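# Tertiary structure, described
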Amino acid sequence: MNKKLHKITATAVLSAMIFVLTFLVHFPAPSGYVHMGDAILYVASLMLGSPWGIIAGALGEGLADAAGGYAAYAPATAIIKALMALPFLYVRKKKRTFFSASSVIASIISGVINVIGYFAADMIISRAYAFVDVFGNVIQSIASVVIFAIIAFTLDKSKIMDKIGIQ
């Protein structure tokens, strides 16, 4: 298969997974909900690299906001999620695994980007909600680190990178 077509197809599939695991599979938390979309964004970034991992995260999570009644946040979400993918692109250049100290540190950095990004967005969109939303975003970010670590460890044990042929 054409390499570019393979990347585009994988990006579409991972965008859809991110959308579903954000929009449909989530659990209530203070000032929002906890979802698995960020963890899959991290996996997509490691698997696909740039710009494809960035596109998968921004598109999947941005569409989840638009479909979930948070359309005002969709542009901010797309930007925040694109920024959250960046630490993983650096890790991807150094390692060809999902689970490593570097990838866990990248997930923590991405969590900080998440909290700061949504605080900034809230200051623009709904100033009164900005401080309330911080706690929920911290919970989401911590949950994403844990979920990512479990998924990453499992993917490495399955040797998925060797099986799917994405470089």
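Residues numbered from 1 in each chain as written. Predicted model: local features only at pLDDT ≥ 70, side-chain atom pairs only at ≥ 80, totals over all residues. Heavy atoms only, no water.

## Describing the packing of helix H3 (residues 52–67) against helix H4 (residues 74–94)
Between H3 and H4, whose axes approach to 8 Å, the crossing angle comes to 150 degrees. Considered as vectors, H3 and H4 are oriented roughly antiparallel to each other. When the axes of H3 and H4 are compared, the crossing they make is right-handed. For the pair H3 and H4, contact is made by Gly 53, Ile 54, Gly 57, Ala 58, Glu 61, Gly 62, Asp 65 and Ala 66 and by Ala 74, Thr 77, Ala 78, Lys 81, Ala 82, Ala 85, Leu 86 and Leu 89, respectively. (Axes fitted to C-alpha atoms, helices over the stretch in contact; angles between N-to-C directions. Helix = DSSP H or I, 4+ residues; strand = E, 2+ residues; numbered from the N terminus. Parallel < 35°, antiparallel > 145°, perpendicular 65-115°, else oblique. Left-handed = near helix turned anticlockwise from the far one by under 90°. Contact = heavy atoms within 4.5 Å.)

## A word on the confidence of the model for the chain
Per-residue pLDDT for the chain averages 91, and the proportion of residues at 70 or more is 98%. Least confident of the elements in the chain is helix H7 (residues 160–164), whose mean pLDDT is 74; most confident is helix H5 (residues 101–125), at 96. (pLDDT = per-residue confidence, 0-100.)

## A word on the side chain of Gln 140
Residue position: Gln 140 is located in helix H6 (residues 130–158). Within the structure, the side chain of Gln 140 is placed 2.8 Å from the backbone nitrogen of His 35, a separation counted as a polar contact. When neighbours within four sequence positions are excluded, Gln 140 is seen to be in contact with Tyr 33, Val 34, His 35, Asp 38 and Asn 114. (Polar contact = N/O pair within 3.5 Å; in protein donor to acceptor, adjacent residues only side chain to side chain.)

## What about the pairing of strand S1 (residues 26–29)?
Relative to strand S2 (residues 32–35), S1 runs antiparallel, the two sharing four bridges. Each residue of the ladder has a partner; that of His 26, found in S2, is His 35. Following S1, the chain reverses through two residues before pairing antiparallel with S2; Ser 31 in that reversal takes a positive phi of roughly 55 degrees. (Pairing = 2+ DSSP bridges.)

## What to know about the packing of aromatic side chains
Per the counting criterion, the structure on display carries six aromatic pairs. On the numbers, 5.1 Å between centres and 70 degrees between planes, the contact of Phe 119 with Phe 131 is edge-to-face. Of this pair, Phe 119 sits in helix H5 while Phe 131 sits in helix H6, and the two are twelve residues apart along the sequence. Here the aromatic residues Tyr 42, Phe 88 and Phe 148 are joined through ring pairs into a cluster of three or more. (Phe/Tyr/Trp six-rings, centres within 6.5 Å; stacked < 30°, edge-to-face > 60°.)

## As for unusual backbone geometry
Cis rather than trans, the peptide bond between Ser 50 and Pro 51 has omega equal to 0 degrees. Looking at the element boundaries, Pro 51 is found in the loop between helix H2 (37–48) and H3. In the Ramachandran plot, Lys 159 falls in the positive-phi region, its phi being about 55 degrees despite a non-glycine side chain. Positionally, Lys 159 belongs in the loop between H6 and H7.

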